[in-house]
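Commentary on secondary and tertiary structure
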Amino acid sequence: MSKTKKSSQTGINTRLAHAGYAPRSFFGFVNPPVVHASTVLFPDAATMVSRDQKYTYGTHGTPTTDALTSAIDELEGSEGTVAVPSGLAAVTLPFMAALSAGDHLLVVDSVYSPTRNFCAGMLARFGIETTYYDPRIGADIESLMQPNTKLVHTEAPGSNTFEMQDIPAIAEVAHAHGALVSMDNTWATPLYFKPLDHGVDISIHAATKYPAGHSDVLIGTVSANKTAWPAIKKTFSMLGICAAPDDSYMTLRGLRTMGIRLARHQESTLAIARALEDMQGVARVLHPALESFPGHDIWKRDFCGSSGIFSIVLDVADAERQQAKAHAFLDALQVFGLGYSWGGYESLAVHANLSDRTIALPPKEGPVIRLQIGLEDVEDLMADIERGLAAAHSA
Ligand SMILES: Cc1ncc(COP(=O)(O)O)c(C=O)c1O
């Protein structure tokens, strides 16, 4: 980092280029080495017992994982960050850190679906009860707080349907009741929303998406403030779910270009989302940066950018035809791939499955198609979507 400016005063691309950057620690080489490690040697028996040295065993961290986690700390403004082997592991780690048998958890109903599986399939077995809440609840979350509520899990915008949440209002109520707040911040990345500055205690990223950015890495990060960090660190050590060295390196490498990639994702996505608002065959566009979207005011107040996934609701009044029309749309695409995940350089489409929703119910107008807008040329992507809409129309 510059000798004269503090990192928090520099522009975001300057920070991305220099976060977790320590060439002098590696003989001047610009990037850190990829340290493949289980064993770390100690100089003598006494140090072996006291463990009084920087690195002690591969699961607890290496120069490679440290370079990544310190870069994320700089972006999140966190006390500490751990890197874990997937975004899903990053979502579940805070639950295990914050909750014990007999506790109660609040989870937003528009949550990334596998989070729900974890609550039903794992937490329930350990005697932890989950209640789902309306993403638009804001300060009314008060009515759902119980004496044993220990964690409120948020995700904004919500998965597939992109509902916004009033994070500061929720955090204020949760804290007044002694509960922690976690947030899956994958959509915005710390460039477009900084959860810890808005009252969140634990910020979670599927760094698989924009930080890694090339659809070739699975990795997650969990960043915590001073209050939550000790439990996150301890749980990470107990579970042994450490990110692999090559994946950590690739993610650090991805971070260097994340700012310019995100700017392009944002620009192309907004252009396409706006064009689709007026397109025949599209009932609604679900994107929080569009003025027409409910919750846009919260996005405008709290976020400073938007990324590359959003959804369209196809205009298919006949419920019986929805699946066939959605499949016709997907099968006509030539540039968009059909695949899960997002945040890579290539465009993807998926027919969103919203069957597990109980409160944030699926739109009635038709099937929801989620689009991840990649780095290709907008004209080619628009032509592809028009092909999809024409096929859905004729199906
Ligand atoms: C919002 C969100 N959180 C977490 C994850 C999980 O990430 P990973 O695929 O790295 O397990 C995903 C994956 O699609 C996601 O969309």
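Our subject is the structure listed above.
What you see is a predicted model; the values in this text were computed from it and never measured.

1. A word on the sheet that holds strand E12 (residues 368-372)
With respect to topology, five strands assemble into an open sheet ordered E8-E9-E12-E11-E10, the strand pairing being mixed. Only two strands of the sheet have a single partner each, and these edge strands are strand E8 (282-286) and strand E10 (337-338). Here E8 pairs with strand E9 (residues 309-314) via four bridges, running antiparallel. Each residue of the ladder has a partner; that of Leu 286, found in E9, is Ser 311.

2. Thoughts on the site of the ligand
In the neighbourhood of the ligand, 13 residues make up the surrounding shell, with Gly 87, Leu 88, Asp 184, Thr 208 and Lys 209 lying closest. Measuring from an oxygen atom of the ligand, one finds a side-chain N or O atom of Thr 208 at 2.5 Å. Here the ligand loses 89% of its free accessible area of 390 Å² to cover by the protein chains. Of the residues that constitute the shell around the ligand, the class distribution is five nonpolar, five polar and three charged.

3. A word on helix H6 (residues 167-176)
Residues of H6 that are buried include every one of Ile 167, Ala 169, Ile 170, Ala 171, Val 173 and Ala 174, and no others. Residues of H6 that are buried in the fold lie against strand E3 (129-133), strand E4 (149-155) and strand E5 (180-184). Immediately downstream of H6, the backbone of Gly 178 shows phi near 75°, a positive value.

4. A look at the pairing of strand E6 (residues 202-205)
Residues Ile 202 and Ile 204 of E6 are buried on one face, and the alternating residues Ser 203 and His 205, pointing to the opposite face, are buried as well. Here three bridges tie E5 to E6, and the two strands are oriented parallel to one another. Looking at E6, one finds that Met 183 is bridged to Ser 203. Direction of pairing for E6 relative to strand E7 (residues 220-224): antiparallel, over a ladder of four bridges. Bridged to Ser 203 within E7 is Ser 223.

5. Observations concerning the sheet that holds E3
Strand order in the open sheet made by the seven strands is E1-E7-E6-E5-E4-E2-E3, with mixed pairing throughout. Each end of this open sheet is capped by a strand with a single partner; those strands are strand E1 (80-84) and E3. Averaged over all pairs of adjacent strands, the angle between their axes in this sheet comes to 20°, without regard to strand direction. With five bridges connecting them, E4 and E5 associate as parallel partners. When the sheet's bridge partners are listed, His 153 is paired in E5 with Ser 182. Contacts from helix H3 (residues 63-76) reach E1, E6 and E7, with the element oriented near 130° to E1.

Rules used in this analysis
- Residues numbered from 1 in each chain as written.
- Predicted model: local features only at pLDDT ≥ 70, side-chain atom pairs only at ≥ 80, totals over all residues.
- Heavy atoms only, no water.
- Pairing = 2+ DSSP bridges.
- Helix = DSSP H or I, 4+ residues; strand = E, 2+ residues; numbered from the N terminus.
- Near = heavy atom within 4 Å.
- Polar contact = N/O pair within 3.5 Å; in protein donor to acceptor, adjacent residues only side chain to side chain.
- Areas by Shrake-Rupley, 256 points an atom, 1.4 Å probe, with all protein chains shown as cover.
- Nonpolar A, V, L, I, M, F, W, Y, C, P; charged D, E, K, R; others polar.
- Buried < 20%, exposed > 50% of the residue type's maximum accessible area, 1.4 Å probe, protein only.
- Contact = heavy atoms within 4.5 Å.
- Axes fitted to C-alpha atoms, helices over the stretch in contact; angles between N-to-C directions.

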